[in-house]
Structures are given as C-alpha cells and as structure tokens.
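Each chain, written out:
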Amino acid sequence: MAERMWWKEAVVYQIYPRSFMDSNGDGIGDLKGILAKLDYLKWLGVDVVWFSPIYESPNNDMGYDISDYRSIMAQFGTMADFDRLLSGLHQREMRLVMDLVVNHTSDEHEWFRQARAAKDNPYRDYYIWRQKPNNWSSFFGGSAWELDEKTNEYYLHLFSAKQPDLNWDNPRVRAEIHDLMRWWLDKGVDGFRMDVIGCISKTPGLPDAPEGGKLAWGGAFFLNGPRVHEYLREMNAEVLSHYDVMTVGETLSVTPKEALEYTGFNRAELNMVFQFELMDIDSGPGGKWDVRDWQVSEFKRICSRWQRELYGRGWNSLYLNNHDQPRMVSRFGQDGKYRVESAKMLATLLHTLQGTPFIYQGEEIGMTNVCFERIEDYRDIETINWYKEQMAQGERPVKEIMRSICAKSRDNARTPMQWSEAAHGGFTTGIPWLRVNPNYRTLNVEQERADADSVLNYYRRLIRFRRENPVVVYGDYTLLEPEDETVYAFTRRLGEVCLLTVLNFTAGEQTFASPSGLLPDNLRLVLCNYAGGETSVGPTLHLRPYEARVYLTAAGSADGV
Ligand code: TEU
Ligand code: CA
C-alpha cells in the first residue's frame, strides 16, 4: 500500500470565482459570495477547495493574466475578505489550494512594464525577446510573438498577446516566483494548482516548428521542455518541501511515463498532474474544435493505462471537466432524458478510480453545456478568437462553427452556478457577466438538496463512501472486458477487500457477466444510481441506461486496513 497522505485521501472542489456567487449585485462572483457558501461546501463533504485565479488582473483571460501576484482582484474583494475566507475554510477543516500562474504574467504586470521600457532595463530579461519571430502559433490563435513598438523587438506569448511568457532560464525570475509562493504559503494556503507548468522551459534557440508554413505548432519546443524538471526540483527544495502542501501541475500532452517524471514518489517535484489524453479523446486532427466521436473502449484504454502505470509509483488526478472543458454530462454522458443517471454514472467512475478526484463547481448538480446561439453571448477569448479566425478564413459555414463552439467552448463551464430557481439562478441580483444557463429553473442546488435521489445527494454519498473505504484510495486496479463498447467495469483490491464498479456507458439496456468468485455470493451492492437499487441478483447483471453499480466484499466496509 502506498504511503498514506492527506492529499491522496482528499476530494477537491474547484471554484471559478467569477461564476460562483455574487454578493453585491454587480454580476460578478466574488470572495464574499464564496464565504456565504462555505457551509454548503462543508455539507457536500469536500476536503480541499481550489480557487481559479483571484489576483489583480485586467481579465484578458479571466484572471489567468496576473498583474500583481500579491493582491486580490478589486472585483472579487479585498485581502481582508481573503483572510476571512481562508480562516473560514480552516475552521471548517477544509484546505485551500491557490492557482499559480507563472508561465506568464499580464502585460500590465510591473515586471513587464519595466521590461518593455528599454532594452537595457534590468527586467528586460524576465521575458523572452527576439528581433525576428519564429513560426510558432499561440494557443489562442495567430502568432506567439508580438512586436513591442517602443523597443522594436518581439516578445513571446504562448497564450494571448497580453500574456507574455516569463523567462525561467533567468534565476532572478525563479527567485521572484519562489518568493511569492512563500508569501502565500506563509499566509496559510495549503498548496498550488500550477497553470501550464509543463510549458515553463523552452528549447534554447527557440527553433522553428518543422511542419513549416507560416505558422505552426511549436509544442515540441516548449511542452515538457529540457529544464522543466530541474526547475521543479529547485522549487520543491527551495519552497514546497518546507510546507505541508499539495501540488497539482497542469501538463499538456503528457504520457503516463512523462507524468511519472513529474509525480514519481521518488522525484520531489509535484504530487500529481492533470493529464489531457482523456480530454483529447473527441478531438480530430484539426484539434479541439474538430469534434469527433469517441469509443467506450478507447475511453477505458486511456483511463486504465494511467491507473496501471502510475500505480505504486506516482499519483493520478481524476477529472472530467474544469473551467476549460465542456460539461462532462453533455460530453461523456447524456444531458437530456438521462441527465441525472449519466451524471451519477460518470461521478461513480471518478470517485472509485485511484487518484484524487476534482469536482468542478456545478458538476455536483449535473450542470450541462449552454450552447448560446449568438457569438455575442460568449466571453471567452479562446472562443471569440477562434470564431473570428474561422469567419475570416470563410471556409466553414457559420452553423458548423457554432456547432463546434457549442460542443467545446470554455464558456460551457463558466456560466454562473445555479443555486436556485430565482432570477439568474440566484447567482446575482444584477446582470451576470455571462448569461446563466436557462435550465436553472429546473436544475439548481436548492431543488437537488431537497431531493434524496438527486445528483447532488449522490455526490455526498460518493464522497462519504471514499472516506470510509481505503480500498478506493489505495487499492489496485484491474479492468474487466476491455473490448466491450457498452460497459466499463473494473475491480479494486486492497488486502482481502474487493470493490467492483460496473458502469453502463450507453442509453440502452446492457448485460454484464461477473467474473467467477465475485457475484452473486461474495460481494454486496453498496452504491447504485437508480432508486431502489438492483434489479437482478445473479452472476449476470442487467443494467438500465447509464446504470452505475458499486459492489464491495460482503465482509464489511473494510475499516481495518
Ligand atoms: O490552460 C492551458 C491550456 O492549454 C488551455 O488554454 C487549453 O489549451 C484550452 O483551454 C483548451 O480549450 C490554462 C488555464 O487553465 C486556462 O484557463 C488559461 O487560459 C491558460 O492556461 C493560460 O493561462
Ligand atoms: Ca460581485
């Protein structure tokens, strides 16, 4: 059994502050709004809360463009509000993880203002400058280089032009980052989620991407770059190892093998990373907007490979959506007739695999994609830039463009939290910065709290189940029937205890034959997403649409591990 750690046993809840709860009617979520919901989070049962960025920012990329790392965005409140929030969480025995966005700053950060003032400014080398750009494209469309007119050189920005990349090869930059991390840790925060941390080391010389052409994807020269592990080990030695914290790195395009280089128990870098292999399952050759069908067998193959390869050596994070991804129930389940069943089914998967589950706000009530009809209703820079680019190219009909946006826009996740059937879902008394999903009238926290069979109450059961059964946290993993295109079933074992999860991934009825020695005699049903529990008691299970069942060794709930 792997060494026991609080962050392995924790369930994390991600808050996107702008869309969580507005306390003063300006249409923007804020810290006082979060404060008012701490009892809700405690009631839900989560252990850790992660805030997407709350620092001062011009909001070109909604807070992921930070202009002052030691301040609170005025729209969100004050440092006093933050201090109250942190102690409110700690009083309730929850911890706080902050978003650390240090691959880039805002162009309005003091370091960049200085850097662009003159070529010989001491801050010049905090960023990455060239006389001529290379051919890299940015994540948000167009070139990754912007001409700075005053000094007549280009600076690198992997994201928007208002997000210049920091030069991590400069030791002064690293020391500044260590300092600001200590500053927050000394305040008492319990860890960091590190934004695109796998991008911080660029290949020296910044070579052109080989595909040629005017603009090309330069990922090979900045994803998991040459010195990234050196920098993370240094950060760990200088800062992290002096505190009892949890860390999760956002690492695009990592394989399990590369993930182990970040998270291996013997590596002294990070506790876990967010992998993107599963998130890419429905992307065609044209990237995320090029939506394609996905197969259940492929989904299982990806999850299983991560489960197997990290077992005993590193640690998985588990997520099916966040502030950058569509809503999981719309994407991997079904958000119509079987919304409730499929949201619970996917939750059952996340909460019975090995790893630390991350719940993204609204997921616990089964919130769905929004699909605005007009581009004017979207606020996300990535969505808007892609729309403009596509319209300018004029190759795709606008209907098709909007179809991709409906499936993949980040704003699907960012519509305000649906608290009640009051106007704007009870999120604000004003006009929300992004429209609320119109389904809030029938899909909201208030209603689900009152309904014992709701998605929300099912999440509470899952969280409690995990807490009470170490097999969920520490058990090993075996996939059953890998080729089956309808059912995802696996076992977890720890000592004498066995857990069996069986998930129907389809809207039809399916059967599943239990391997011998498990059902019907040796396991009992402990969780099911249909009221009234199971319909069959033989070795063959008859599963209803999106049915999820969890069985556990009959002997008991395995406390003595
Ligand atoms: O995301 C990194 C990232 O690669 C995403 O931009 C991703 O490509 C895209 O969202 C997929 O649709 C992180 C943050 O999570 C994101 O919100 C920021 O925009 C980005 O970094 C820049 O800081
Ligand atoms: Ca507000």
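Residues numbered from 1 in each chain as written. Chains lettered and ligands numbered in written order. Predicted model: local features only at pLDDT ≥ 70, side-chain atom pairs only at ≥ 80, totals over all residues. Heavy atoms only, no water.

A. Up close: the coordination of the calcium ion (ligand 2). All of the protein donors around the calcium ion (ligand 2) are Asp22 (OD), Asn24 (OD1), Asp26 (OD), Ile28 (O) and Asp30 (OD); their distances to the metal are 2.2 to 2.4 Å. Spacing between the donor residues of the calcium ion (ligand 2) along the chain follows D-x1-N-x1-D-x1-I-x1-D. (Donors = N, O, S within 2.8 Å, 3.2 Å for Na, K, Ca; no water.)

B. Representation of the layout of surface pockets. Approximately 1500 Å³ is the volume attributed to the largest pocket. Forming the boundary of the largest pocket are 46 residues, of which Phe139, Trp217, Gly287, Lys288 and Glu382 lie nearest the centre. Counting residues per element, the ones that place at least two in the lining of the largest pocket are strand E11 (287-291) and helix H12 (381-393). No other element matches the six residues that H12 contributes to the lining of the largest pocket. In terms of residue class, the lining of the largest pocket is built from 15 nonpolar, 16 polar and 15 charged. (1 Å grid on protein atoms, 1.4 Å probe; cavity = no way out; pocket = protein on both sides within 12 Å on 5 of 7 lines; lining within 4 Å. Points joined across faces, edges and corners; volume = space filled by probe spheres on them. Helix = DSSP H or I, 4+ residues; strand = E, 2+ residues; numbered from the N terminus. Nonpolar A, V, L, I, M, F, W, Y, C, P; charged D, E, K, R; others polar.)

C. Structural detail: the site of ligand 1. Near ligand 1 you find 18 residues, and of these Asp61, Asp195, Lys288, His323 and Asp324 are the closest. Here an oxygen atom of ligand 1 and a side-chain polar atom of Asp195 are 2.8 Å apart. Glu382 has a polar side-chain atom sitting 3.1 Å from an oxygen atom of ligand 1. In the complex, 95% of the free accessible area of ligand 1, which totals 480 Å², lies under the protein chains. Among the cavities detected, the one that contains ligand 1 is the largest pocket. Partitioning the shell around ligand 1 into residue classes produces six nonpolar, three polar and nine charged. (Near = heavy atom within 4 Å. Polar contact = N/O pair within 3.5 Å; in protein donor to acceptor, adjacent residues only side chain to side chain. Areas by Shrake-Rupley, 256 points an atom, 1.4 Å probe, with all protein chains shown as cover. Sits in = over half its atoms within 2 Å of the grid points.)

D. Structural detail: the sheet that holds strand E4 (residues 129-130). Strand order in the open sheet made by the three strands is E4-E6-E5, with antiparallel pairing throughout. Each of the sheet's edge strands pairs with one partner strand only, and the pair in question is E4 and strand E5 (145-148). Here E4 runs beside strand E6 (residues 153-156); their pairing, made up of two bridges, is antiparallel. What sits directly across from Arg130, in E6, is Tyr154. (Pairing = 2+ DSSP bridges.)

E. Looking closely at helix H8 (residues 256-263). Of the positions making up H8, those classed as buried are Pro256, Ala259, Leu260, Tyr262 and Thr263. Down the axis, H8 shows its buried residues gathered within 160 degrees of arc, on one side only. Buried-residue contacts for H8 involve helix H7 (228-238), strand E9 (272-274) and helix H9 (296-310). (Buried < 20%, exposed > 50% of the residue type's maximum accessible area, 1.4 Å probe, protein only. Arc of directions from axis to C-beta. Contact = heavy atoms within 4.5 Å.)

F. Molecular detail of the packing of H12 against helix H13 (residues 398-408). Where H12 meets H13, the axes come as close as 11 Å, and the angle between the chain directions of the two elements is 160 degrees. With respect to their mutual orientation, H12 and H13 come out roughly antiparallel. Where H12 crosses over H13, the two elements pack in a sense that is right-handed. Between H12 and H13, the contacting residues are Thr383, Trp386, Tyr387, Gln390 and Met391 on the first element and Val398, Ile401, Met402, Ser404 and Ile405 on the second. In terms of residue class, the contact of H12 with H13 is built from seven nonpolar, three polar and no charged. (Axes fitted to C-alpha atoms, helices over the stretch in contact; angles between N-to-C directions. Parallel < 35°, antiparallel > 145°, perpendicular 65-115°, else oblique. Left-handed = near helix turned anticlockwise from the far one by under 90°.)

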